[in-house]
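Descriptive analysis of the structure
Now for the letters of each chain:
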2 protein chains.
Amino acid sequence: MREKIINTSIALFGAHGFRETSIEDITKELGVTKGTFYYYFTNKEDVLMHIHLRFIEGLLEQQKAILDNQSKTNQEKLHDNVQMVIRNIRNGVQSAKVFFREMKHLNEHHTSKVLPKRHEFQRNIQGIIQRGIDEGEFRRDLRADMLSFAVLGVANWSYFWFEPDGEVSEDQLTDIYMRMIIEGIQTKGGEIDE
Amino acid sequence: MREKIINTSIALFGAHGFRETSIEDITKELGVTKGTFYYYFTNKEDVLMHIHLRFIEGLLEQQKAILDNQSKTNQEKLHDNVQMVIRNIRNGVQSAKVFFREMKHLNEHHTSKVLPKRHEFQRNIQGIIQRGIDEGEFRRDLRADMLSFAVLGVANWSYFWFEPDGEVSEDQLTDIYMRMIIEGIQTKGGEIDE
């Protein structure tokens, strides 16, 4: 039931917004009493926090598997990270909506549980870039911190426009994006004038 | 007064959210009657649409100046676009918040006025990349449509984390990002295995 409440809340918060959805909307949709809701959750904000936690913890777990893979280069790990984010947004578009849009409705206590995990996810990407620099895969003049946000921006922005049923698959999109991130878009031999 | 109502609404919607702000909050903040509000706007959604329109029309106007500059390469135009987006987000962080978060509160009629302009902005970036490909500045195997979203993602994502008073300025950030977009992050001579 706990999972059912979370999943129904994701669908309703995603479709109508957090503020626009009442606990009654959730229990009605499930055909249960409010008592059932309050058996599992303190209030609506409590459900919201668990949606946020589940989304970011899912990302962190998948990211850990990528980081732990000793056989891959940093470039490959970056690729797998971008692919994983795009796939998670595609497969959980309502969760992603709640995750990106409804952060402001978390109270201070809830935010203090979610935010460190969001930061951990970003810092892990920064870590991949930094190791790539240290090990000579990536250029020495890079700012790993700033670039981790750029990589996240490229991947996360797909949430605003990517159509899973469109002509480009998530794997093709990952390749297009990674090629830009790794090689850049200029013709071979070009240099930025400085 | 019209401008004052819009500016106060931007501040309040940005700080507290669109749903959480009432017309009374806006008129109280301004020290005017509700009648004054209704003289200029039909309802709260009407103000929201004008905030959206003003933000995107401002971006389009600045973009036009960039596009019309015949003396610049496509790479430079892309640079100027990224810089301009970052600067607008920095200088109008409350407007950007409303723009990125509160789109869902526009009704169908209002959306039909705002969305084509958002698309126009994206297609203009796509146009710069396409001309760069056609004129040999950028690689021939690029997908200008997908990459326009990647460039927008990099620039727009700065909204979620960029601290104007931080150690990196908006111009430095633009340079870091453009270098990734143009040259990629790999060490010279590297190639993606395919």
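Quantities reported herein were computed from a predicted structural model and do not represent experimental measurements. (Residues numbered from 1 in each chain as written. Chains lettered and ligands numbered in written order. Predicted model: local features only at pLDDT ≥ 70, side-chain atom pairs only at ≥ 80, totals over all residues. Heavy atoms only, no water.)

With respect to the overall build of chain A
- Scanning chain A for helices and strands turns up ten helices and zero strands.
- Starting at the N terminus and ending at the C terminus, chain A contains elements arranged as α-α-α-α-α-α-α-α-α-α.
- Long-range pairs, those at least 24 residues apart, make up 68% of the contacts in chain A between residues at least 6 apart in sequence.
- Split by element, the accessible area of chain A, about 9,100 Å² in all, is 46% carbon and sulfur.
- Charged side chains of chain A number 25 positive and 30 negative; the gap between the two group centres comes to 5 Å. (Helix = DSSP H or I, 4+ residues; strand = E, 2+ residues; numbered from the N terminus. Contact = heavy atoms within 4.5 Å. Areas by Shrake-Rupley, 256 points an atom, 1.4 Å probe, with all protein chains shown as cover. Lys, Arg positive; Asp, Glu negative; His and termini not counted. Charge placed at Lys NZ, Arg CZ, Asp CG, Glu CD.)

Comments concerning helix H2 (residues 23-30) of chain B
All names here are of chain B.
- All of the buried residues in H2 are Ile-23, Ile-26 and Thr-27. Down the axis of H2, the buried side of the element spans an arc of 90°, and every buried residue falls inside it. In H2, the exposed positions that point more than 90 degrees away from the buried face belong to Lys-28 and Glu-29.
- In this fold, the buried residues of H2 make contact with helix H1 (2-16), helix H3 (34-40) and helix H4 (44-68).
- With its phi angle positive at about 70°, Gly-31 sits one or two positions after the end of H2. (Buried < 20%, exposed > 50% of the residue type's maximum accessible area, 1.4 Å probe, protein only. Arc of directions from axis to C-beta.)

Observations concerning the interface of chain A and chain B
- With 47 residues of chain A at the interface, the matching set in chain B holds 47 residues.
- At the junction of chain A with chain B, the criterion picks out eight salt bridges.
- Summed over the shared surface of chain A and chain B, the number is 22 residue pairs in polar contact (both at pLDDT 80 or more).
- Those elements that place two or more of their residues in the side of chain A that touches chain B are helix H5 (74-91), helix H6 (93-101), helix H8 (144-156), helix H9 (158-161) and helix H10 (170-183) of chain A.
- Element by element, the count of residues in the side of chain A that touches chain B is highest for H10 of chain A, at nine residues.
- Residue composition of the side of chain A that touches chain B, grouped by class: 23 nonpolar, nine polar and 15 charged. (Salt bridge = Lys/Arg side-chain N within 4 Å of Asp/Glu carboxyl O. Polar contact = N/O pair within 3.5 Å; in protein donor to acceptor, adjacent residues only side chain to side chain. Nonpolar A, V, L, I, M, F, W, Y, C, P; charged D, E, K, R; others polar.)

A short note on the relation of the copies chain A and chain B
- Note on the copies: chain A fits chain B at an RMSD of 0.0 Å, the axial shift is 0.0 Å, and the rotation between them is 180°. The superposition operator between the copies reduces to a two-fold rotation axis. Relative to the rotation axis, the C-alpha of Gly-184 of chain A is the closest in chain A, positioned 1.8 Å from it.
- Of all interface residues in chain A, 100% are interface residues in chain B too; the two copies therefore contact each other through one and the same surface. (Least-squares fit on C-alpha atoms with pLDDT ≥ 70 in both.)

Concerning the UniProt feature "DNA-binding region" (unreviewed entry) in chain A
- In this structure's numbering, the residues bearing the UniProt feature "DNA-binding region" (unreviewed entry) are residues 22-41 of chain A.
- Helix makes up 75% of residues 22-41 of chain A and strand 0%, and the two end C-alpha atoms of the span are 14 Å apart. (UniProt positions renumbered as here; feature names shortened; annotations may be inferred.)

Here we look at the pattern of salt bridges
- According to the stated counting rule, one finds 26 salt bridges over all chains in the structure shown.
- One salt bridge connects Lys-104 of chain A with Glu-102 of chain B, and the closest N-O pair in it is separated by 3.3 Å. In this pair, Lys-104 of chain A sits in the loop between H6 and helix H7 (108-134) while Glu-102 of chain B sits in the loop between helix H6 (93-101) and helix H7 (108-134), so the two residues belong to two different chains.
- Residue class for Glu-102 of chain B comes out buried when judged on its relative accessible area of 2%.
- Arg-90 of chain B serves as the salt-bridge partner of Glu-170 of chain B, at 3.2 Å between the closest nitrogen and oxygen. Residue Glu-170 of chain B is found in helix H10 (residues 170-183), and its partner Arg-90 of chain B is found in helix H5 (residues 74-91); the two are separated by 80 residues along the sequence.
- Take Glu-170 of chain B: its relative accessible area is 11%, and that puts it in the buried class.

A word on the packing of aromatic side chains
- In total, this model carries 17 aromatic pairs over all chains according to the counting rule given.
- Aromatic pair Phe-100 of chain A and Tyr-159 of chain A: ring centres 5.0 Å apart, planes at 45°, arrangement tilted. A residue pair is termed long-range when its members are at least 10 positions apart, and Phe-100 of chain A in helix H6 and Tyr-159 of chain A in helix H9 qualify at 59 residues.
- Measuring from centroid to centroid gives 4.9 Å for Tyr-39 of chain B and Tyr-40 of chain B, while their planes differ by 85°, and the two rings are edge-to-face.
- Looking at Tyr-39 of chain B, the relative accessible area reads 66%, which means it is exposed.
- Taking relative accessible area as the criterion, Tyr-40 of chain B reaches 30% and is therefore assigned partly exposed.
- Across from the ring centre of Phe-99 of chain A, 4.0 Å away, lies the NZ or CZ of Arg-118 of chain A, which sits over that ring. (Phe/Tyr/Trp six-rings, centres within 6.5 Å; stacked < 30°, edge-to-face > 60°. Lys NZ or Arg CZ within 6 Å of the ring centre and 35° of its normal.)

What to know about the nonpolar core
- Of all hydrophobic cores here, the largest spans 87 residues; its most connected members are Leu-78 of chain A together with Leu-78 of chain B.
- When residues no more than four places from it in sequence are discounted, the contact partners of Leu-78 of chain B are Ile-185 of chain A together with Ile-125, Ile-128, Ile-129, Phe-138, Val-151, Met-178 and Ile-181 of chain B. (Core = buried A, V, L, I, M, F, W, Y, C linked by side-chain atoms within 4.5 Å.)

Let's talk about the packing of helix H1 (residues 2-16) of chain A against helix H4 (residues 44-68) of chain A
All names here are of chain A.
- Two elements in contact, H1 and H4, have axes whose closest approach is 10 Å; the angle formed by their N-to-C orientations is 90°. Our classification of the angle between H1 and H4 gives roughly perpendicular. Mapping the contact onto sequence places Arg-2, Glu-3, Ile-6, Asn-7, Ser-9, Ile-10 and Phe-13 in H1 and Lys-44, Val-47, Leu-48, His-50, Ile-51 and Arg-54 in H4.
- In terms of residue class, the contact of H1 with H4 is built from six nonpolar, three polar and four charged. (Axes fitted to C-alpha atoms, helices over the stretch in contact; angles between N-to-C directions. Parallel < 35°, antiparallel > 145°, perpendicular 65-115°, else oblique.)

Comments concerning the environment of Glu-61 of chain B
Residue and element names in this part refer to chain B.
- With respect to the helices and strands, Glu-61 occurs in helix H4.
- Taking relative accessible area as the criterion, Glu-61 reaches 62% and is therefore assigned exposed.
- Residues Glu-61 and Phe-41, 20 residues apart in the sequence, show an inter-C-alpha distance of 24 Å.

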